Amino acid sequence: MKRILVTGALGQIGSELVAALRRRPGVELVVASDIKMMPGTASGDGPFEYLDCTNQRQIEQVVRKHGIDTIYHLAALLSAVAEERPQVAWDVNLGGLYRVLEVARQNGCAIFFPSSIGAFGPGTPRDRTPQDTVQRPTTIYGVTKVAGELVCDYYHQRFGVDARGVRFPGLVSHVAVPGGGTTDYAVEIFYDAVRNRRYTCFLGPETRLDMMYMPDSVKAAIEVMEANPAKLEHRNAFNVTAMNFTPEELAAEIRKHVPEFKIEYQVDPVRQAIADSWPRSLDDSAARREWGWSPDYDLVAMTTDMLENLERKLRVDDRGKLD
Ligand code: NAD
Ligand code: SER
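Since we're looking at a predicted model, the values are computed, not measured.

So, on to the site of ligand 2. Taken together, the residues surrounding ligand 2 are Leu78, Ser79, Ser116, Tyr141, Gly170, Gly181, Thr182, Thr183 and Trp278. A distance of 2.6 Å separates an oxygen atom of ligand 2 from a polar backbone atom of Thr182. For ligand 2, whose unbound accessible area comes to 240 Å², protein coverage reaches 93%. Counted by class, the shell around ligand 2 contains three nonpolar, six polar and no charged residues.

Put into structure tokens, the structure is as follows:
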């Protein structure tokens, strides 16, 4: 039975991954942890620990206290925030990963590390970006992700640490808001469509990027960790994707449900430059071949589900505010 620690558990992915892991057969315990404190009612149905991933002693204490054997290491600064605070991004994204890997090595833990489309750069082939290709990112976020992929491979080869991971595209979800990435528009647009029937987008109308709905991201994270290691040629940084669209195409899909929805554009040059340095689409055939990756949601299914869930959630939120 697995005993799992999730770092950065109160973020966009962790908010859904922790609950999914707690429901998973074969999992005995899931300890959520973050440097934010858990809001009262969100304490969920399991333990929570305050844990700064740059503090190796704290990680070690939590791992030993709970007899952890698997760490989903999600704590990081996303691309746009990282560009505002590159020194902090280096400490948290790479320093934190290094410390988690050291604790994993010393305590025999497996580790999941999420890399990103941000690990690619302008020199990478931008369409159907291959699994193994040029990686010269121009953002600090990307630099920490490439280095993270490499150090995870190194810890596996050198020390036998069972380190695995995927390269996520932009993630869309309705439970927690995103933490300051370049792909956040694809979440904000749904909130604004439900609340205001209009959205001002910070990326240009033709900016094409790969995306994934959160239930598929959670599935990818769990399945790669449960994959038969004998079938894995790669271990870390599997390209995974589910759909591909521009802001204009996403707006058109939303308009099928909200006919009066309007999108306008006020491009943020920093985030546009980041998006323009990333692939337009990924080739995820290695993940499909090696561990059977297959997403459940396309653009049509995701848009329907997002709007249904946000209609419900925002009605409740608004009532909550009035009370
Ligand atoms: P997020 O920003 O929503 O959450 C990150 C969490 O980490 C936050 O709750 C934050 O409080 C916490 N954190 C920050 N510094 C910390 C520290 N020093 N110690 C412990 N916790 C700390 O991010 P997310 O979207 O949930 O992403 C999780 C991981 O997945 C990150 O590594 C990110 O790079 C990767 N990823 C995310 C996306 C996406 O679109 N969301 C795409 C590709 C990869
Ligand atoms: N969605 C993330 C970001 O925009 C990519 O890893 O930062």
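The environment of ligand 1 is made up of 27 residues, and the closest members are Gln12, Ile13, Asp34, Tyr141 and Lys145. Separating an oxygen atom of ligand 1 from a backbone N or O atom of Ile13 is a distance of 2.9 Å. With respect to ligand 1, the side chain of Asp52 contributes an N or O atom lying 2.9 Å from a nitrogen atom. Taking 830 Å² as the accessible area of ligand 1 by itself, protein coverage stands at 93%. Listed by contribution, the elements that provide at least two residues to the shell around ligand 1 are β5 (110-116), α5 (140-159) and β7 (170-172). Ranked by residues supplied to the shell around ligand 1, first place goes to β5 with three residues. Taken together, the residues of the shell around ligand 1 sort by class into 15 nonpolar, eight polar and four charged.

We now examine the sheet that holds strand β9 (residues 209-213). If you trace the three strands from one edge of the open sheet to the other, you get β7-β9-β11, paired in mixed fashion. In this open sheet, the two strands that pair with only one neighbour each are β7 and β11 (243-245). Neighbour to neighbour, the strand axes of the sheet diverge by 45° on average, direction disregarded. Relative to β9, β7 is paired through three bridges, and the arrangement is parallel. Along β9, the bridge assignment pairs Leu171 with Met212. Its contacts with the sheet place helix α6 (residues 185-195) against β7, β9 and β11, and it is angled at close to 25° to β7.

Bringing the pattern of salt bridges into the picture now. Within the structure shown, the criterion is met by 18 salt bridges. Close ionic contact of Glu226 with Arg24 constitutes a salt bridge, the shortest N to O distance being 2.7 Å. Note that Glu226 is positioned in helix α7 (residues 214-226) and Arg24 in the loop between α1 (14-23) and β2 (27-34), a separation of 202 residues in sequence. With its nearest N and O atoms 3.9 Å apart, the salt bridge here joins Arg289 to Glu290. On the accessibility criterion, Arg289 (54% relative accessible area) is exposed. A network of salt bridges, in which partner residues are shared, links Asp162, Arg164 and Arg235.

For the rest of this paragraph, the subject is α7. Here α7 contains 13 residues, and its C-alpha end-to-end distance of 18 Å stays within 8% of the 18 Å for a straight helix at 1.5 Å per residue. Those residues of α7 that fall on the buried side of the exposure criterion are Met214, Asp216, Ser217, Val218, Lys219, Ala220, Ala221, Ile222, Val224 and Met225.

Turning our attention to the nonpolar core. Soluble globular proteins tend to pack their nonpolar side chains together in the buried interior. Within the largest apolar cluster, 44 residues are counted, with the highest numbers of intra-cluster contacts made by Val172, Tyr185, Phe190, Phe245, Leu250, Phe261 and Met302. By residue number, the principal contributor to this core is α6, which donates eight residues. Not counting chain neighbours up to four residues away, the residues in contact with Tyr185 comprise Tyr199, Cys201, Phe202, Leu203, Met211, Phe245, Thr246, Pro247 and Leu250. Within the second largest apolar cluster, 34 residues are counted, among which are Ala20, Ala32, Ala227 and Trp291.

Okay, helix α8 (residues 247-255) next. Every α-helical turn comprises 3.6 residues, leaving residues that sit three or four positions apart pointing alike. Looking at α8, one finds that the buried residues are Pro247, Leu250, Ala251, Glu253 and Ile254. The buried side chains of α8 occupy one side of the element, clustering within an arc of 160° when seen end-on.

Below, the discussion takes up the packing of aromatic side chains. In the structure shown here, the tally under the stated rule is nine aromatic pairs. On the numbers, 6.0 Å between centres and 90° between planes, the contact of Tyr154 with Phe159 is edge-to-face. The partly exposed category is assigned to Phe159, whose relative accessible area is 33%. Judged by centre distance (4.9 Å) and plane angle (75°), the ring pair of Tyr213 and Tyr297 falls under edge-to-face. In this pair, Tyr213 sits in strand β9 while Tyr297 sits in the loop between α10 (285-291) and α11 (299-322), placing the two residues 84 residues apart along the sequence. The exposure class assigned to Tyr213 is buried, which follows from its relative accessible area of 0%.

Let us look at the packing of α6 against α8. The contact between α6 and α8 brings their axes to 11 Å, and the two run at 30°. Looking at the two axes, α6 sits roughly parallel to α8. The hand of the α6/α8 crossing is right-handed. Together, Tyr185, Ala186, Ile189, Phe190 and Ala193 of α6 and Pro247, Leu250, Ala251 and Ile254 of α8 make up the contact between the two elements. Its residues assigned to classes, the contact of α6 with α8 comprises nine nonpolar, no polar and no charged.

On to the sheet that holds strand β4 (residues 70-73). By definition, the strands of a sheet pair up through backbone hydrogen bonds, in either a parallel or an antiparallel sense. Taking strand neighbours across the sheet as the criterion, the seven strands line up as β3-β2-β1-β4-β5-β6-β10 in an open arrangement whose pairing is parallel. Each end of this open sheet is capped by a strand with a single partner; those strands are β3 (48-50) and β10 (238-239). Direction of pairing for strand β6 (residues 163-168) relative to β10: parallel, over a ladder of two bridges. Note on β10: the bridge partner recorded for Arg167 is Asn239. Packed onto the sheet, helix α2 (residues 56-66) meets β1 (2-7), β2, β3 and β4 and runs at close to 155° relative to β3.

Reading the values: rules and limits
For every chain, the first residue of the written sequence is number 1, and numbering continues from 1 along that sequence. Think of it this way: whatever chain is written first is A, whatever ligand is written first is 1, and the rest follow in order. This being a predicted model, a pLDDT of at least 70 is required before a residue's local features are given, and a value of 80 or more before pairs of side-chain atoms are given or counted; all residues contribute to the totals for chains, interfaces and linings. As a rule here, side-chain values cover all heavy atoms of the structure and leave hydrogens and water aside. For this description, a residue counts as near a given molecule or strand if any of its non-hydrogen atoms is within 4 Å of it. Each polar contact in these results corresponds to two N or O atoms within 3.5 Å; when the atoms are within protein, one needs to be able to donate a hydrogen and the other to accept it, and residues that are neighboring in sequence are counted only if both atoms are side-chain atoms. Each accessible area value is a Shrake-Rupley result obtained with a 1.4 Å probe; residue values ignore everything except the protein chains displayed when judging cover. For this scheme, ten residues count as nonpolar: Ala, Val, Leu, Ile, Met, Phe, Trp, Tyr, Cys and Pro. Four count as charged, namely Asp, Glu, Lys and Arg, and the remainder, Gly too, count as polar. Numbering of helices and strands runs from the N terminus, with a helix taken as a DSSP run of H or I at least four residues long and a strand as a DSSP run of E at least two residues long. Two strands are counted as paired when DSSP detects at least two bridges linking them. Axes here mean lines fitted to C-alpha atoms, for a helix over just the part in contact, with angles spanning 0 to 180 degrees between N-to-C directions. Any pair of residues with heavy atoms lying within 4.5 Å of one another is described as a contacting pair. Every case where a carboxyl oxygen of Asp or Glu lies within 4 Å of a side-chain nitrogen of Lys or Arg is listed as a salt bridge. Only protein chains enter the area calculation, which uses a 1.4 Å probe; residues under 20% of their type maximum are buried, those over 50% are exposed, and those in between are partly exposed. For a helix, the expected span equals 1.5 Å multiplied by the number of residues minus one. Here, nonpolar core means buried Ala, Val, Leu, Ile, Met, Phe, Trp, Tyr and Cys residues that are tied together by side-chain atoms lying within 4.5 Å of each other. This arc is taken over the directions from the axis of the helix to the C-beta atoms. Between the rings of Phe, Tyr and Trp (Trp by its six-membered ring), a pair exists once the centres lie within 6.5 Å; its type follows the angle of the planes, with under 30 degrees stacked, over 60 edge-to-face, and the other angles tilted. An angle counts as roughly parallel when it lies under 35 degrees, as roughly antiparallel when it exceeds 145, as roughly perpendicular when it falls between 65 and 115, and as oblique in every other case. The handedness criterion is simple: a crossing whose near helix is rotated anticlockwise from the far helix by less than a right angle is left-handed, and one whose near helix is rotated clockwise is right-handed.

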